[in-house]
Structures are given as structure tokens and as C-alpha cells.
Amino acid sequence: MAITLNSNIPSGTVGQKWGKYKQESKLVNPANKRKYEVIIVGTGLAGASAAATLSELGYQVKAFCYQDSPRRAHSIAAQGGINAAKNYQNDGDSVYRLFYDTIKGGDFRAREANVHRLAEVSVNIIDQCAAQGVPFAREYGGTLTNRSFGGAQVSRTFYARGQTGQQLLLGAYQALCKQIAAGGVKMYPRTEMLDLVIVDGYAKGIVVRDLVTGKISSHAADAVILATGGYGNVFFLSTNAQGCNVTATFRAYKKGAAFANPCYTQIHPTCIPVTGDHQSKLTLMSESLRNDGRVWVPKNKGDHRAPDQIPEDERDYYLERKYPSYGNLAPRDIASRAAKEACDDGRGVGPSGLGVYLDFSASINRLGEDKIRERYGNLFDMYERITGENAYRVPMRIYPAVHYTMGGLWVDYNLMSNIPGLFVMGEANFSDHGANRLGASALMQGLADGYFVIPYTIGNFFASHPKNRPTEDHPAFKQVEDEVNARTRKLLSIRGKRTVRDFHRSLGKIMWEKCGMARNEKGLHEALMEIPALRQEFWENVNVLGENGELNQALEQAGRVADFLEFGELLCYDALHRAESCGGHFREEFQTEDGEALRQDDKFSYVAAWEYKGLDNYPELNKEPLTYEEIKMATRSYK
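From a predicted model like this one, the values you see are computed outputs, not experimental measurements.

Caption draft 1: Geometry of the packing of aromatic side chains. According to the stated counting rule, one finds 33 aromatic pairs in the structure shown. Between Phe-250 and Phe-567, the ring centres sit 6.1 Å apart and the planes meet at 85 degrees, which makes this aromatic pair edge-to-face. Placement of the pair is Phe-250 in helix α7 (residues 247-254) and Phe-567 in helix α16 (residues 553-577), with a sequence separation of 317 residues. The burial state of Phe-250 is the same as that of Phe-567; both residues are buried. Ring centres of Tyr-253 and Phe-259 lie 6.2 Å apart, and the angle between their planes is 85 degrees; on these two criteria the pair is classed as edge-to-face. Neither residue differs from the other here; Tyr-253 and Phe-259 are each classed as buried. Members of the aromatic cluster, each reached through a chain of ring pairs, are Tyr-231, Phe-250, Tyr-253, Phe-259, Phe-567 and Tyr-612. Of note, Lys-467 hangs over the ring of Tyr-36, and the distance from its end group to the ring centre comes to 5.4 Å. Over the aromatic face of Tyr-66 sits the side chain of Arg-560, whose NZ or CZ is 4.8 Å from the ring centroid.

Caption draft 2: Highlighting helix α3 (residues 45-57). Taking 1.5 Å of rise per residue, 13 residues should cover 18 Å, and α3 covers 18 Å from first to last C-alpha, within 8% of that figure. In terms of burial, α3 is largely enclosed, as 11 of its 13 residues are buried. Regarding α3, the residues found buried are Leu-45, Ala-46, Gly-47, Ala-48, Ser-49, Ala-50, Ala-51, Ala-52, Thr-53, Leu-54 and Ser-55. Just past α3, the residue Gly-58 takes up positive phi, approximately 120 degrees.

Caption draft 3: Just the sheet that holds strand β16 (residues 408-409), in detail. If you walk across this open sheet you meet the four strands as β16-β10-β18-β19, and the pairing is antiparallel. The open sheet terminates on both sides in strands that have one partner only, identified here as β16 and β19 (620-625). With six bridges joining them, strand β18 (residues 606-611) and β19 adopt antiparallel strand pairing. Opposite Tyr-606, over in β19, you have Pro-625 as the bridge partner. Sheet strands touched by α16: β10 (259-260), β18 and β19. Its angle to β18, the strand with the most contacts, is close to 145 degrees.

Caption draft 4: How the structure looks around the packing of helix α13 (residues 475-493) against α16. Following both chains from N to C, one finds α13 and α16 inclined at 105 degrees, their axes separated by 11 Å at the closest point. Relative to α16, the element α13 lies roughly perpendicular. Along the contact surface, α13 presents Arg-487, Thr-488, Leu-491 and Leu-492, while α16 presents Leu-555, Ala-558, Gly-559, Ala-562 and Asp-563. For the contact of α13 with α16, the class distribution of residues is five nonpolar, two polar and two charged.

Caption draft 5: Focus on the sheet that holds strand β7 (residues 202-210). In spatial order, the strands read β6-β7-β8; together these three strands make up an open sheet with antiparallel pairing. Every interior strand has two partners, whereas the edge strands, β6 (191-199) and β8 (216-220), have only one. The average undirected angle you get between the axes of adjacent strands in this sheet is 30 degrees. Bridge count between β7 and β8: five bridges; the pairing is antiparallel. Counterpart to Arg-209 in the pairing with β8 is Ile-216.

Caption draft 6: The pattern of salt bridges, seen in detail. Tallied over the entire structure, the rule returns 59 salt bridges. The salt bridge involving Glu-314 is made with Arg-305; its shortest N-O contact spans 2.6 Å. Residue classification places Glu-314 among the partly exposed residues on the basis of a relative accessible area of 25%. In this structure Arg-305 comes out as partly exposed when scored by relative accessible area, which is 34%. Residue Asp-601 is joined to Arg-599 by a salt bridge in which the shortest nitrogen-to-oxygen separation is 2.8 Å. Using a relative accessible area of 14% as the deciding quantity, one classes Arg-599 as buried.

The rules behind each value
- Residues numbered from 1 in each chain as written.
- Predicted model: local features only at pLDDT ≥ 70, side-chain atom pairs only at ≥ 80, totals over all residues.
- Heavy atoms only, no water.
- Phe/Tyr/Trp six-rings, centres within 6.5 Å; stacked < 30°, edge-to-face > 60°.
- Helix = DSSP H or I, 4+ residues; strand = E, 2+ residues; numbered from the N terminus.
- Buried < 20%, exposed > 50% of the residue type's maximum accessible area, 1.4 Å probe, protein only.
- Lys NZ or Arg CZ within 6 Å of the ring centre and 35° of its normal.
- Expected span 1.5 Å × (residues − 1).
- Pairing = 2+ DSSP bridges.
- Contact = heavy atoms within 4.5 Å.
- Axes fitted to C-alpha atoms, helices over the stretch in contact; angles between N-to-C directions.
- Parallel < 35°, antiparallel > 145°, perpendicular 65-115°, else oblique.
- Nonpolar A, V, L, I, M, F, W, Y, C, P; charged D, E, K, R; others polar.
- Salt bridge = Lys/Arg side-chain N within 4 Å of Asp/Glu carboxyl O.

Structure (C-alpha cells):
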């Protein structure tokens with residue numbers, strides 16, 4: 001039986017929907033809020049802001065993270081900024097323009113109502129964070145300043161040098177700590193969710209493992225919120241922290257939650273190039289650098305001269321040449337493919353030939369080195385520590401890398417999955433970014449969901465459904481605990497000859513080569529033969545050292561890689577079925593004469609929501625049509 005996908009979008013014009021929703025929502029009175037318990041998995045921007053806000057409202061919150069502190073969430077790694085339609089620069093920005101840029105940036109594959117709501121609440125996020133003391137960059141007179149990001153022709157990105165994610169997370173973290181101290185939030189660090197518990201069709205709890213002692217335990221609640229980030233590490237090498245994984249959302253998928261658009265993965269154009277097989281992750285250089293850095297390669301193939309030896313007329317500033325309206329601030333997917341094209345043409349730079357220059361010499365000459373240091377100093381310092389090169393003197397070398405994932409669990413307008421009581425926020429859901437996320441919109445979505453959306457929607461859910469929280473001794477919890485324990489015993493019993501990381505690296509190679517920056521039918525068919533074979537070998541030949549009743553990082557990694565080995569297959573199924581190019585999903589068979597993405601709106605203007613049908617069985621495809629009431633679909637052009 002197919003899943004029923006009801007987006008529950010309110011009626012009215014797109015600009016009226018959120019206001020109408022809030023006005024008509026059912027409420028839980030303050031005394032009754034104390035009777036509800038909410039589980040939140042993940043304490044990055046979405047999870048921490050939701051935990052703090054729901055606790056402030058009176059709900060009892062249990063928050064879980066596998067890190068030793070919520071401060072270690074991967075949100076801390078975001079560098080460049082957060083978007084908001086404040087129009088402080090008086091350069092023509094508006095809620096509508098942010099809404100339109102986001103829909104266009106996502107190549108017309110996002111849900112219109114959710115995106116407009118995001119643009120609406122963006123203006124409140126900045127006030128909230130500034131009130132928390134987040135040290136946004138300011139103009140000389142003290143007012144907040146902005147910079148530009150890819151895919152926009154206005155300056156709407158608020159920032160704190162190159163550490164915006166860290167500063168925003170500290171703001172949410174201090175709000176969370178206040179509620180922990182007040183007793184409204186019970187924090188469970190070093191604790192990993194290993195499965196979802198469903199009782200009578202409703203999400204009612206989770207089963208977790210204490211990462212220090214190995215103890216498996218259950219936790220019941222009236223609702224479960226997943227805010228566990230994206231799945232970019234299915235590619236092994238990505239800009240994500242090594243611990244980032246798909247386990248929470250994938251286990252929910254195996255329990256019946258629809259997984260939407262998994263093939264929508266974002267390749268970020270501004271990453272430090274790969275240097276060898278010894279690497280376990282890659283390092284991002286903020287997109288904000290493209291405000292003042294010019295991207296170029298030599299015009300001639302095989303030109304290996306030092307960059308300062310290549311005259312200006314022998315340089316190809318290819319983004320400025322191909323996309324004159326946006327230049328170096330073309331959206332990420334377009335800038336990434338353009339870099340790949342230049343390197344495939346034999347004009348790449350650096351030892352591997354897989355690199356392009358990001359050159360600040362013109363900006364330093366125009367503004368002075370001190371101004372560039374003021375804007376990006378910590379990023380330049382980080383680049384020099386990693387590469388040994390001083391980017392004030394020689395151009396940075398960059399190349400695209402896996403960064404963010406636009407797909408995720410399917411949610412309706414309430415941010416609730418098709419499993420009642422299971423809510424999903426931030427990068428873990430699919431709803432706001434379509435086929436390509438514009439820079440500085442991830443932080444915006446995480447905080448919008450946590451501070452301003454979930455408090456209304458979860459209250460409406462509680463007020464609309466009878467209260468019925470089971471206890472942890474319910475048979476459903478015991479059954480899931482048994483499944484988790486059996487899986488753990490199996491992983492520890494194999495004692496094969498290959499390490500978990502070796503399997504992960506092999507999977508990542510398949511995914512990058514066959515389903516990476518470009519995909520084609522032949523490569524995807526090959527991947528769908530290679531991944532199951534690799535998965536079978538994993539369960540026969542993986543070597544997980546140590547025992548369960550102790551701190552065992554090999555066991556943690558094994559569980560995550562086991563999920564990636566199943567999820568990678570789903571991602572390739574989705575990429576194969578979507579016979580079009582859109583945003584970060586670039587099927588080589590579907591491109592224009594000049595190499596741009598070619599959508600097939602008459603065939604694929606829908607959300608692809610996949611339903612689990614068992615291991616080695618083809619998942620069932622469910623479709624949510626995408627209809628645009630306010631915006632007219634158009635060919636996406638940044639020229």
C-alpha cells in the first residue's frame with residue numbers, strides 16, 4: 001500500500017498561508033504544555049533552537065546528541081553567513097525576492113509554500129540572534145552589515161567573519177543551557193539514536209546507545225523530532241565532520257517514513273583540493289570569498305607556470321565570461337560544474353590538475369590587505385595551516401566537493417513526516433532547497449524551523465490528537481531494543497579482514513565516480529550492481545574491533561557505514577529514475593548545447609518520496625506534485 005502524501009498546505013495566496021496557519025492553529029494552554037514530552041535528536045542549529053524554544057514554552061524536552069557537547073554539532077563549521085530579507089543595504093531586497101531567489105536557486109524543485117514561509121520568518125531570525133549577543137559584523141556606525149552570496153544580486157547575508165555557524169550555534173547553545181539549568185531540558189550527550197519506535201502508527205520514542213558504556217536504552221515521548229543533518233558522508237570525502245551520518249533518518253525510513261529526493265546532493269565549488277588517499281574529510285573555504293576572489297584557470301592546456309607568471313590576457317576568468325550578470329557569485333551547482341569543465345579540458349591547476357585559482361590580488365590592490373584580513377582573516381589562516389600557502393601572496397587553489405544534501409525525509413507543511421508524531425527539521429528534511437541550496441540558506445532554515453516554525457506546528461499536532469504516551473516497558477520498545485542488540489552482536493561477530501573505513505572509502509569512490517558531480521545512466525546502473533556486492537562483502541568480511549560494553553568508535557562507525565551501504569543504493573535509484581538535470585542533479589544525457597542543466601518539467605515536476613520495501617527490494621516511488629501559484633517556472637539562467 002502506497003504512502004499517502006498530504007502536504008497540508010493552507011489555502012490562500014502564498015503570502016497569506018503562514019499567517020492563516022498561525023491564526024487557525026489549535027493551541028495547547030500553558031498548564032497543559034507541561035504534560036507533554038518531546039524527544040529531539042540532534043543539537044545543531046535546528047535541534048538546539050527547537051529544544052530551547054519548546055522548553056521555554058513549557059514542554060518537557062529530552063535532547064540527544066552523539067557529540068560530547070551540543071557545541072560540537074556540525075552547524076559550528078558553517079562559515080559564510082545567514083540570509084535574511086532585511087534590505088539593510090537598500091539595494092532592492094524583499095521577502096518576495098528572497099523567496100524567488102530560493103525557488104530559482106533550487107531549479108524550481110522546492111515546495112513553494114514552505115519557501116515563502118522561510119523567507120517571511122528570516123527577518124525575525126537576525127533580531128533573535130542579535131538579542132542573544134551573536135557578534136554579527138557591523139558597519140562603522142554600528143549597524144549590521146551584509147555581503148553577497150551566490151545566486152543573488154543583492155547583499156542579504158549577515159555574517160560573523162568566517163565563523164558565522166559557530167557564533168549562531170553559541171547563541172542557540174546558551175539558550176539551551178538556560179533551559180537545561182531550569183530543568184526543562186534533559187540533555188543526553190554521547191548518545192546515539194539507533195532506531196525509531198512506533199506505537200499504534202505514531203512515533204512515540206527512540207532506542208539509543210550510550211557511546212561510553214554501550215548500554216542500549218529506550219525513551220518514550222509524545223512526539224519525536226529529528227534534527228540530525230545531512231547524508232553527505234555517503235561519498236566518504238566531503239566537507240562534513242566525520243561523525244555526520246544518515247542513521248537516524250534512514251532508520252526512520254526503514255520504519256515507514258518516506259525519503260524524498262535523495263539524489264539532490266550539493267557540490268560546493270570552494271573546497272581545498274584533495275591531496276591523497278590519506279584524507280578522511282575535506283575542508284571548505286567559504287563561498288563568501290567569491291565576493292572578493294576571482295576564479296580563473298590558464299587559457300592554454302598544460303600551462304603549469306606559477307600563477308604570477310601567467311599574464312592577464314592568458315587567464316580565463318570563466319565564471320565572469322560565462323555568467324556576466326552574476327560572475328564569480330554564480331550559484332554553487334553552476335560554479336562547480338564550470339570548474340569541473342575547465343579541469344576536464346586540461347586547464348586545471350595544482351599537482352593533481354584538479355584545481356582552479358581563487359585570486360584576491362585585484363581586491364587587495366583595490367581595498368588593501370588590511371580590509372581583506374578584516375573580512376576573511378580566519379579563513380586565510382586556516383588555508384595556510386592546511387596548505388602551507390599564503391593566499392595574500394598567491395591565489396588559493398580550490399575544487400568542488402560534496403557539501404550539503406537537499407534531500408531528506410519527506411515532511412508536510414507542519415514539518416511532520418508521513419508518520420504521525422515524527423517531525424523533521426533543518427538539513428534532515430527535504431522541503432526548502434529543491435535541487436540546489438543557495439549559500440547562507442542552511443543556517444537560515446535551521447533556525448527558522450527551530451525558533452519560529454516547530455513551536456506552532458507541534459502545538460497544533462498535540463491539540464489535534466489525544467494524548468497517549470506509552471511507557472518504555474511497552475512491547476514495541478522491547479522489540480526494537482532486541483533488533484538493535486541483534487544488529488550490534490552481528491557487527492561484532494564477523495571479525496573479517498577489512499576495516500570499516502576501507503569499506504566506507506570503497507563506497508565513497510563508487511558514489512563519487514558514478515553518482516557525483518555528473519551522473520549518467522550507464523554509471524548509475526554500474527553503481528547499482530557494485531553497491532549491493534560491496535554491502536554483501538561488508539556483512540561477511542568487516543572487522544569491528546572491541547566489544548559493545550565500552551567506548552567503541554569502530555562499532556559506531558560500522559553501524560553508520562552499514563546504513564550508508566543501503567542508503568547509497570537508494571540515492572542511485574533516485575538519480576537513475578530522475579531522467580532530467582536540475583540543480584545539483586546533473587544527468588549528462590540532459591543538458592543544453594552550452595552545457596547547462598536541462599529540466600523535464602512535464603515529467604518530473606514532483607517530489608520523489610521513496611517508501612522502503614525491504615532489503616534488496618526496489619523501493620516504492622510516491623509522488624507529490626509541485627504546483628506554483630505565485631512563481632512561473634522558467635529556464636534557470638544566471639547569464
